[in-house]
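One letter stands for each residue in the lines below.
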Amino acid sequence: MEGFFSKYKEMLLFMLVYWFFCFIMVFHNGSFLYLMLSWNVLLAVLPLIFIKNSEKSLMQGKLGYSVLWMILWLLFFPNSVYMITDFIHVSNDKFMWIVEVEKYSLDSGVVYSTDIMIWAKLLIIGIGFIFALLVGLESFYIFERNLKGVTSKGISFTGVVLVSLLSGIGVYIGRFLRFNSWDILFNPIQLIKEIVISIDSFSIQFVTIFTIFIIGCYILYKIFRQIISS
């Protein structure tokens, strides 16, 4: 863990700063939302810790421990992309509206809100999502790298697609069925029942677009990684 904190100290510092601003928002308006955002950001960091432990165990020749850490990574990885769904919490905030204007007036009639708190809310959710996504994609990159080290490129590509699909399912389960990552271990029967009951055209479409979204984000992340390292 010491090596992890040393390598990712700036990232952890950013998370603490993010928590600080969330707590300021909590004290300002008493909304539970910002505690939830802080918690979601922490959950998004856990996959990176798990996959680094998996990599370390793999390098030490402890395959069993490596697989165990990888399973934990897989269970918690959807939290990294889940935060994009937190944007629904701005749906009741009015950022702009239209007022009636005189005919032929040059004024468009569009009025933007000057309530700074709703703009701050939008930014805090956005920054939290970007942070969670980048941390998650970093862990995804390490996962693929480790998989390539012990398998072929074809299998590692299949692994990326499969993880993206399972993560899309995980986001659906978290947002609509309201289960957590650990419920698959502690409440698997109820979880499976709810999944089976909820299968319909919308759930399939939702999982599909999120799978494509995750794969697209990961490809873009790898492109930027290659540009930076070249």
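Residues numbered from 1 in each chain as written. Predicted model: local features only at pLDDT ≥ 70, side-chain atom pairs only at ≥ 80, totals over all residues. Heavy atoms only, no water.

Student: How should the side chain of Glu-55 be read in this particular structure?
Tutor: One can find Glu-55 in helix α3 (residues 33-59). With sequence-adjacent residues up to four places away left out, Glu-55 is seen in contact with Ile-142, Arg-145 and Asn-146. (Helix = DSSP H or I, 4+ residues; strand = E, 2+ residues; numbered from the N terminus. Contact = heavy atoms within 4.5 Å.)

Student: Would you mind showing me how to read the pattern of salt bridges here?
Tutor: Where charged atoms from two side chains of opposite charge come close, those side chains can pair. This model, assessed by the stated rule, comprises eight salt bridges. Lys-52 is the partner of Glu-55 in a salt bridge, and the nearest nitrogen-oxygen pair spans 3.1 Å. Placement of both Glu-55 and Lys-52 in helix α3 is noted, with a separation of three residues, approximately one turn of the helix. Residues Glu-55 and Lys-52 agree in their burial class; the two are buried. A salt bridge links Arg-145 to Glu-55, with the shortest nitrogen-to-oxygen separation between them at 2.6 Å. Placement of the pair is Arg-145 in helix α6 (residues 116-150) and Glu-55 in helix α3, with a sequence separation of 90 residues. Because the salt bridges share partners, they merge into one network encompassing Lys-52, Glu-55 and Arg-145. (Salt bridge = Lys/Arg side-chain N within 4 Å of Asp/Glu carboxyl O. Buried < 20%, exposed > 50% of the residue type's maximum accessible area, 1.4 Å probe, protein only.)

Student: Help me out: how do you make sense of the packing of α3 against helix α4 (residues 63-76) in this one?
Tutor: Angle between the axes and distance between the axes: these two values describe a pair of packed helices. Running from N to C, α3 and α4 point in directions that differ by 165°, and their axes come no closer than 8 Å. With respect to α4, the element α3 is oriented roughly antiparallel. Seen from above, α3 lies across α4 with left-handed handedness. Contact residues: α3 offers Leu-43, Leu-46, Pro-47, Phe-50, Ile-51, Asn-53, Ser-54, Ser-57 and Leu-58, while α4 offers Leu-63, Tyr-65, Ser-66, Trp-69, Met-70, Leu-72, Trp-73 and Phe-76. Per-class residue counts for the contact of α3 with α4 are 13 nonpolar, four polar and no charged. (Axes fitted to C-alpha atoms, helices over the stretch in contact; angles between N-to-C directions. Parallel < 35°, antiparallel > 145°, perpendicular 65-115°, else oblique. Left-handed = near helix turned anticlockwise from the far one by under 90°. Nonpolar A, V, L, I, M, F, W, Y, C, P; charged D, E, K, R; others polar.)

Student: I would appreciate a short explanation of the environment of Gly-159 in the present structure.
Tutor: In this structure, Gly-159 sits in helix α7 (residues 153-177). Spatially, the C-alpha atom of Gly-159 lies 8.0 Å from that of Leu-147, the residues being 12 residues apart in sequence. Ignoring anything within four residues of it in the chain, the contact list for Gly-159 reads Phe-143 and Leu-147.

Student: Just checking my understanding: could you explain the nonpolar core for this structure?
Tutor: The nonpolar side chains of soluble globular proteins are, as a tendency, buried together. If you look at the biggest cluster of nonpolar residues, it comprises 58 residues, and the most contacted ones within it are Met-11, Tyr-34, Leu-37, Val-45, Leu-48, Trp-73 and Phe-140. In terms of residue count, the dominant contributor to this core is α6 (13 residues). (Core = buried A, V, L, I, M, F, W, Y, C linked by side-chain atoms within 4.5 Å.)

Student: Looking at this structure, how should I read the environment of Trp-69?
Tutor: Turning to its location among the elements, Trp-69 is positioned in helix α4. In this structure Trp-69 comes out as partly exposed when scored by relative accessible area, which is 26%. When the C-alpha atoms of Trp-69 and Gly-159 are compared, they prove to be 16 Å apart, with 90 residues separating the residues in sequence. Not counting the four nearest positions on each side in its chain, Trp-69 is found in contact with Phe-50, Asn-53, Ser-54 and Ser-57.

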